[in-house]
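# Architecture at a glance
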Amino acid sequence: MASFFINPNFSATPAAATTISSLKPKHGPHSLSFFNPSPHHTQKTSSFATIICSLVRRPRPEYIPNRISDPTYVRVFDTTLRDGEQSPGATMGVKEKLDIARQLAKLGVDIIEAGFPASSNQDREAVKVIAKEVGNTADEDGHVPVICGLSRCNKNDIDAAWDAVKYARKPRIHTFIATSEIHMKYKLRMTKEEVVEKARSMVRYARSLGCNDVEFSPEDAGRSDREFLYQILDEVIKAGATTLNIPDTVGYNVPTEFGKLIADIKANTPGIDNVIISTHCQNDLGLSTANTLAGACAGARQVEVTINGIGERAGNASLEEVVMTLKCRGEQILGGLYTGINTQYIVMASKMVAEYTGMYVQPHKAIVGANAFAHESGIHQDGMLKNKSTYEIIEPEDIGLVRTNKAGIVLGKTSGRHALKEELKKLGYIVEGKELDDVFRRFKAVAEQKKEITDADLVALVSDEIFKADVVWKLGAVQVTCGTLGLSTCNY
């Protein structure tokens, strides 16, 4: 498949512009089926259109808490500093959180959930510092992120959250209460009526403090009764909520199911057009990214994600996976959905979070893993050397990755002659014909013993096979006896 990125100097022809515009749905973004695009839509995805994401970087709409002027814009709500920090062993100090918040702002996230202020004095201080510094600093485009603090549905938590975030230019309180039968019965020990009243009164209380941006989450919405969800969401909208977050708290849902949940809420909740629908998907079944995208295609316009996908248990939807999927496929099959993320800062953010939390990225992790742009198979290497788009749908430079080997070649036991020849050429050796065959034979023998072949190994192989002296005489055998107690002898 061809690469989805273009040269910034690319000039589109009128025909090209027509091709791209034809990919946009004629009846709004919600008419597209995420998992089963219509044959008609697929037919319009021309071979040229698969080469690029978009011709220009689309502007970020002005921030209004309960409304987005562009119906295809998706807000990115990063919760690395809150849900991400809940990963076992991932605790961070105030300075580390501030550094990451600055990087998130540079990345261009719309909302930074900076922490859970009521959980500890240190967390409250971290959120306050982030609100004062990051929440009042505009980037080169004038963008200032919303700074959000989490709270349970009680006054003490909400007071703590407001005390921390109120210093930001755009403060938000995010309050939650569980709505699934199992949570209400065993954890909260509250009736449905009590839960509705608590949610309604606490959203109203948050608004009364002067916060005009209040997010509400019905915890474990993925396992909650639909009719009850419609009811409680209706009540919090009336109370002043501006964003309704729908969490798949335990990663229980599958994409078609979660997409339908968002669509049902959008269709059956009174007043839903006056708020933003959000998604928060955990990764217990490995479906968090897919569920998040399904939710966005069904009408959600905020996605809650973390850098590297870190978070409780198996983690959260990964920012880099969600953002790059929308960037690569948004215009083609996802209804034109896009974000305001500057993807060139993804790798830098990933490395910082890994370093500060100690949660290192597995090599095969999508987008940011060490092997994400590495190629060892001979067939793949041959394709990469001929045209990188044969096996890479993303240009690594577009996420801020600079690799010394432009084709991402990693030599190993499955590598082929073409790759070996090119690597030798980079080292200054032009090897062809029988000499290449001889070096390749030795290379394969060494590669079966080592996980990866280094440049030093290649130099040694060339020296052994090509630059060895002509044989004038050969030593058949040698025996040496030596020591301090007798006469030293040598036989050959």
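Heads up: these notes are all about the structure in this document. Everything numeric here is computed off the predicted structure, so don't read it as measured data.

## Points about the overall build of the protein chain
- A count of helical and extended segments in the protein chain gives 16 helices and 10 strands.
- In the protein chain, buried positions account for 52% of the 492 residues.
- When the accessible area of the protein chain is evaluated, it comes to approximately 23200 Å², of which 53% is carbon and sulfur surface.

## Examining the sheet that holds strand β7 (residues 276-281)
- Strand order in the closed barrel formed by eight strands is β1-β2-β3-β4-β5-β6-β7-β8, with parallel pairing between adjacent strands. On average, each strand axis in the sheet is inclined to that of its neighbour by 25 degrees, with strand direction left out of account.
- Pairing geometry for strand β5 (residues 214-219) and strand β6 (residues 243-248), over two bridges, is parallel. Residue pairing for β6: E215 is matched across the bridge by T243.
- Across the sheet, helix α8 (residues 226-239) is in contact with β5 and β6; its angle to β5 comes to roughly 165 degrees.

## A closer look at a nonpolar patch on the surface
- A cluster of nonpolar side chains, namely W473, L475, V478, V480 and Y492, defines an oily patch on the protein surface of about 690 Å² accessible area.
- In this structure, V478 sits in the loop between α16 (455-465) and β9 (479-481).

## Things to note about the pairing of strand β2 (residues 111-115)
- For β2, the buried fraction is high: five of the five residues fall into the buried class.
- The pairing of strand β1 (residues 75-78) with β2 spans two bridges and is parallel. Paired with F77 across the bridge in β2 is I111.
- Traced from β1 through helix α3 (residues 94-107) to β2, the parallel crossover comes out right-handed.
- For β2 and strand β3 (residues 146-152), the ladder comprises four bridges, and the chain directions are parallel. For I112, the partnering residue across the bridge sits in β3 and is I147.
- In terms of handedness, the path from β2 via helix α4 (residues 121-133) over to β3 forms a crossover that is right-handed.

## Let's talk about the packing of aromatic side chains
- A full pass over the atoms with the stated rule returns one aromatic pair.
- Seen in terms of ring centroids, Y73 and Y338 are 5.2 Å apart; in terms of plane orientation they differ by 70 degrees. Their pairing is edge-to-face. Taken as a pair, Y73 in the loop between α2 (39-44) and β1 and Y338 in the loop between α11 (319-333) and α12 (346-357) lie far apart in primary sequence, 265 residues in all.
- Residue class for Y73 comes out buried when judged on its relative accessible area of 2%.

## With respect to the pairing of strand β8 (residues 302-305)
- The side-chain alternation of β8 yields two buried faces, one formed by Q302 and E304 and the other by V303 and V305.
- Here four bridges tie β1 to β8, and the two strands are oriented parallel to one another. The partner of V76 across the bridge, within β8, is V303.
- In the sheet, β7 pairs with β8 via three bridges, with the strands oriented parallel. Bridge pairing in β8 places S278 opposite Q302.
- Following the backbone out of β7, through helix α10 (residues 288-297) and into the adjacent parallel β8, one traces a crossover that is right-handed.

## Considering unusual backbone geometry
- One non-glycine residue with positive phi stands out, namely D220, at about 65 degrees.
- Notably, N308 is not glycine yet its phi reads approximately 65 degrees, a positive angle.
- Note on placement: N308 falls in the loop between β8 and α11.
- N308 sits in the buried class, given a relative accessible area of 10%.

## Brief notes about the environment of E304
- The residue E304 is located in strand β8 in this model.
- Distance in space between the C-alpha atoms of E304 and Q282 is 9.9 Å, their sequence separation being 22 residues.
- At 3.4 Å, the side chain of E304 and the side chain of S278 are in polar contact.

## Focus on the packing of α10 against α11
- Direction vectors running N to C along α10 and α11 enclose 45 degrees, while the axes themselves pass 9 Å from each other. The orientation of α10 with respect to α11, classified from their angle, is oblique. With respect to the hand of their crossing, α10 and α11 are arranged in right-handed fashion. Facing T289, T292 and L293 of α10, the residues of α11 in contact are E321, V322, T325 and L326.
- Classifying every residue of the contact of α10 with α11 by side-chain character gives three nonpolar, three polar and one charged.

## Notes on the pattern of salt bridges
- Inspection of every chain in the model, using the stated rule, returns 26 salt bridges.
- One salt bridge in this structure joins D213 and R172, with 3.2 Å as the shortest N-O distance. Taken together, the positions of D213 in the loop between α7 (192-208) and β5 and R172 in strand β4 (residues 171-178) put the pair 41 residues apart, joining distant regions of the chain.
- On the basis of relative accessibility, which here comes to 1%, the residue D213 falls in the buried class.
- Among the residues examined, R172 registers a relative accessible area of 0% and is labelled buried.
- With its nearest N and O atoms 2.8 Å apart, the salt bridge here joins K365 to E321. Taken together, the residues span a long stretch of sequence, with K365 in the loop between α12 and α13 (378-386) and E321 in helix α11 at a distance of 44 residues. A single burial state applies to K365 and to E321, both of which are buried.

## Topic: the side chain of T179
- Mapping T179 onto the fold places it in the loop between β4 and α6 (181-188).
- One polar contact links T179 to S224, side chain to side chain, over a distance of 2.8 Å.
- In this structure, T179 is in contact with M184, P218, E219, A221, S224, F228, L229 and I232, ignoring residues within four places of it in sequence.

Rules of the game
- The written sequence of each chain sets the order in which its residues are numbered from 1.
- pLDDT decides what is reported in this predicted model: residues at 70 or higher carry local features, side-chain atom pairs at 80 or more are listed and counted, and totals for whole chains, interfaces and linings draw on all residues regardless.
- To obtain the side-chain values, all non-hydrogen atoms of the structure were used and water was disregarded.
- Put simply, DSSP marks the helices as runs of H or I at least four residues long and the strands as runs of E at least two long, and each gets a number from the N terminus on.
- Type-normalised accessible area, obtained with a 1.4 Å probe on protein chains alone, sets the label of each residue: buried when under 20%, exposed when over 50%, and partly exposed for intermediate values.
- Accessible surface is estimated by sampling points in the Shrake-Rupley manner with a 1.4 Å probe; for residues, cover comes only from the protein chains shown.
- When DSSP locates at least two bridges between a pair of strands, those strands are taken to pair.
- Axes here refer to lines fitted to C-alpha atoms; in helices the fit is confined to the stretch in contact. Angles between the N-to-C directions go from 0 to 180 degrees.
- Contact definition: two residues touch when any of their heavy atoms are within 4.5 Å.
- Every patch collects residues that have over 30% relative accessible area and no salt bridge, joining them within 9 Å if they carry like charges and within 5 Å if they are nonpolar side chains (Val, Leu, Ile, Met, Phe, Trp, Tyr).
- Salt bridges, as used here, are contacts in which a Lys or Arg side-chain nitrogen is within 4 Å of a carboxyl oxygen on Asp or Glu.
- Handedness is read with the strands pointing away from the viewer; a crossover is right-handed when the path from the first strand over the helix to the second is clockwise.
- Aromatic contacts are taken between Phe, Tyr and Trp rings whose centres are within 6.5 Å, Trp giving its six-membered ring; a plane angle under 30 degrees counts as stacked, one over 60 as edge-to-face, and the others as tilted.
- Any pair of nitrogen or oxygen atoms within 3.5 Å is treated as a polar contact; in protein, a donor-acceptor pairing is required on top of that, and neighbouring residues in sequence qualify only through side-chain atoms on both sides.
- Note on terminology: angles under 35 degrees are roughly parallel, angles over 145 are roughly antiparallel, angles of 65 to 115 are roughly perpendicular, and the others are oblique.
- By convention, the crossing between two helices is left-handed when the near helix turns anticlockwise from the far helix through less than a right angle, and right-handed when the turn is clockwise.
- Amino acids are sorted into nonpolar (Ala, Val, Leu, Ile, Met, Phe, Trp, Tyr, Cys and Pro), charged (Asp, Glu, Lys and Arg) and polar (every other residue, Gly among them).

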